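Chain and residue survey
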Amino acid sequence: MSKKLFIQTLGCAMNVRDSEHIIAELSKKEDYSLTEDIKEADLILINTCSVREKPVHKLFSEVGGFEKVKKEGAKIGVCGCTASHLGKEIFKRAPSVDFVLGARNISKIVQAVNTPKFLGVDLEYDESEFDFEDFRVNPYKTLINISIGCDKSCTYCIVPHTRGDEISIPFHIIEKEAKKAVEKGVKEIFLLGQNVNNYGKRFSNAHPRIDFSDLLQRLSEIENLERIRFTSPHPLHMDDKFLRVFSSNEKICKSMHMPLQSGSDEILKAMKRGYTKEWYLNRAFKLKELCPEVSISTDIIVAFPNESERDFEETMDVIERVRFEQIFSFKYSKRPLTKAALMPNQIDEKTASRRLTHLQNRHAEILDEIVATKKNAEVEVLFEELRAGNAVAGRTNTNFLVQTNGSEELLGQIKRVKITNPRRMVLYGEVV
Ligand code: SAH
Ligand code: SF4
Ligand code: F3S
């Protein structure tokens, strides 16, 4: 009888992929199988996020919950970004934890499970060429890491302290992983890195030079691969070559994430983002010119230290001009080890909430207008999920969620769909 693994994943797509790697390693090398019932688990893992304060609190409340329900002898492991930056403090704050495994040390999972009080949080550790076993939750699309770590030092961000310096994964490893997935029926690959379009600047060994645009072109040559997505590109590295390749290569999905963070030059400087509002708008408009069908998403932080009403209006101005299809917006959260945490003029909670609500409300209006234009449009959808009431859902090339009537036969298929009832969260339609 195989042992049971329960795993909870917080945070971003990188953590989702790390969890898949953990599951793959443990099932192939230690005979674990997944369970959704925590009470029967022999091993309980939480893969943590540190980017804002909230998920860190969540870690400790969740571990408290695990202790109460776990069966006798079951182990608890804390992995991921909070494991990296809190390290052995986690054992002090939660003595029931059996091991702590930082985000850059995932390949040591088997050793961690078998070593009492194992602590693996080395930020120098290089797993860019580690050959992970293969596993993915979704059979139709796969996440693929193309780099680990981050070489930027945005002053609000803890990620470089949890995932270390940036190292690119050699092209032949990425290509092998993509081909293997496609052979197993995967239609879409989703390339992951903190700054994907900085790819190829540093490898841990001697490898042929290749930049992100070349990487996209070469992966698009894989037979039977239908779609390529990626996140996150950095606005600073959006050169013309990259925008041209993005726009002209048919396999690259036409949805671009362009993390703005702020529209104010003063704040962008204090954040150390490396670009100005003018540069950002120039890149966004160039992109729309080359690729009129593109949908653009962004990340925005409101109430960064010293952000004035005028600074905030600059952000709103970019929102009016770019008309993003999707915005991930956050109140600034003070993080340990970051420069911004020490800056004067931290913004009070009430102001932060007011700005966030204002931004989100205005974006909802813009999105309603965008969505209304989709009525009667014909779009291509990769179906990937069954929904209640004999329905199936999937994403357009431009990353809108679409739902139609249908069943299993549609899963994994790309079909044309006519949109009949476009709503803010879902475009409802019919297969044509
Ligand atoms: N590498 C990506 C971002 C990864 S973190 C990039 O540069 O775009 C994901 C998002 O979390 C960031 O884009 C930012 O908007 C948000 N974020 C990061 N640190 C934060 C903080 N201290 N407070 C609030 N939001 C933060
Ligand atoms: Fe954080 Fe900036 Fe790196 Fe993104 S680019 S992970 S925001 S330091
Ligand atoms: Fe991702 Fe959270 Fe780490 S956003 S990189 S899991 S801090």
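Residues numbered from 1 in each chain as written. Chains lettered and ligands numbered in written order. Predicted model: local features only at pLDDT ≥ 70, side-chain atom pairs only at ≥ 80, totals over all residues. Heavy atoms only, no water.

This part takes up the domain arrangement of the chain. Partitioning the chain into domains gives domain 1 (3-120), domain 2 (136-253) and domain 3 (378-431). With centres defined by C-alpha atoms, the gap from domain 1 to domain 2 works out at 26 Å. Taken residue by residue, the interface counts 15 residues in domain 1 and 19 residues in domain 2. When the two sides are added together, the surface that domain 1 and domain 2 hide from each other amounts to roughly 1500 Å², 58% of it contributed by carbon and sulfur. (Domains from an automatic or database assignment. Contact = heavy atoms within 4.5 Å. Buried area = accessible area lost by both parts, 1.4 Å probe.)

Ligand 1 sits among 15 residues. The nearest are Tyr 156, Gln 194, Gln 261, Asp 299 and Ser 333. Within the backbone of Tyr 156, one N or O atom sits 2.9 Å away from a nitrogen atom of ligand 1. Protein contacts shield 90% of the accessible area of ligand 1, which totals 540 Å² for the unbound molecule. For the shell around ligand 1, the secondary structure elements donating two or more residues are strand S13 (295-302) and strand S14 (326-331). Among the residues making up the shell around ligand 1, the classes are represented as six nonpolar, four polar and five charged. (Near = heavy atom within 4 Å. Polar contact = N/O pair within 3.5 Å; in protein donor to acceptor, adjacent residues only side chain to side chain. Areas by Shrake-Rupley, 256 points an atom, 1.4 Å probe, with all protein chains shown as cover. Helix = DSSP H or I, 4+ residues; strand = E, 2+ residues; numbered from the N terminus. Nonpolar A, V, L, I, M, F, W, Y, C, P; charged D, E, K, R; others polar.)

With that settled, consider the site of ligand 3. The full set of residues close to ligand 3 is Cys 12, Asn 15, Cys 49, Ser 50, Val 51, Cys 81, Val 159, Arg 163 and Gln 194. Residue composition of the shell around ligand 3, by class: five nonpolar, three polar and one charged. Composition of the shell around ligand 3 by domain shows at least three residues from each of domain 1 (3-120) and domain 2 (136-253).

To continue, consider the packing of helix H12 (residues 309-322) against helix H13 (residues 349-372). In a pair of packed helices, the angle between the axes and the distance between the axes together describe the arrangement. Relative to each other, H12 and H13 sit at 15°, their axes nearing to 11 Å. Comparing their axes, H13 and H12 come out roughly parallel. Pair H12 / H13 crosses with right-handed handedness. On H13, the residues touching Glu 309, Phe 312, Thr 315, Met 316, Ile 319 and Glu 320 of H12 are Thr 351, Arg 354, Arg 355, His 358, Leu 359, Arg 362 and Ile 366. (Axes fitted to C-alpha atoms, helices over the stretch in contact; angles between N-to-C directions. Parallel < 35°, antiparallel > 145°, perpendicular 65-115°, else oblique. Left-handed = near helix turned anticlockwise from the far one by under 90°.)

Take the packing of aromatic side chains next. Per the stated rule, a full pass over the model turns up eleven aromatic pairs. Judged by centre distance (6.4 Å) and plane angle (75°), the rings of Phe 6 and Phe 66 are edge-to-face. With Phe 6 in strand S1 (residues 3-9) and Phe 66 in helix H2 (residues 53-69), this residue pair connects regions lying 60 residues apart in the sequence. Exposure remark for Phe 6: the relative accessible area of 15% places this residue in the buried category. (Phe/Tyr/Trp six-rings, centres within 6.5 Å; stacked < 30°, edge-to-face > 60°. Buried < 20%, exposed > 50% of the residue type's maximum accessible area, 1.4 Å probe, protein only.)

Take the packing of helix H11 (residues 277-290) against H12 next. One can describe the packing of H11 onto H12 by two numbers: an axis separation of 11 Å at closest approach and a directional angle of 10°. Viewed along their axes, H11 and H12 adopt a mutual orientation that is roughly parallel. Judged by residue contacts, Lys 277, Tyr 280, Leu 281, Ala 284, Phe 285 and Lys 288 of H11 engage Glu 314, Asp 317, Val 318, Arg 321 and Val 322 from H12. Taken together, the residues of the contact of H11 with H12 break down into six nonpolar, no polar and five charged.

Let us now look at unusual backbone geometry. Residue Ser 232 follows Thr 231 across a cis peptide bond; omega there is -10°. Its place among the elements puts Ser 232 in the loop between strand S11 (227-231) and helix H9 (240-248). Residue Lys 272 is not a glycine yet carries a positive backbone phi of 60°. Tracing the backbone through its elements, the reader meets Lys 272 in the loop between helix H10 (265-271) and H11.

This brings us to helix H1 (residues 13-30). Taking 1.5 Å per residue as the helical rise, H1 with its 18 residues ought to reach 26 Å, and the 25 Å between its terminal C-alpha atoms agrees with that figure. By the criterion of burial, H1 is predominantly enclosed, with 13 of the 18 residues buried. Where H1 terminates, the next one or two residues include Asp 31, which has phi positive at roughly 60°. (Expected span 1.5 Å × (residues − 1).)

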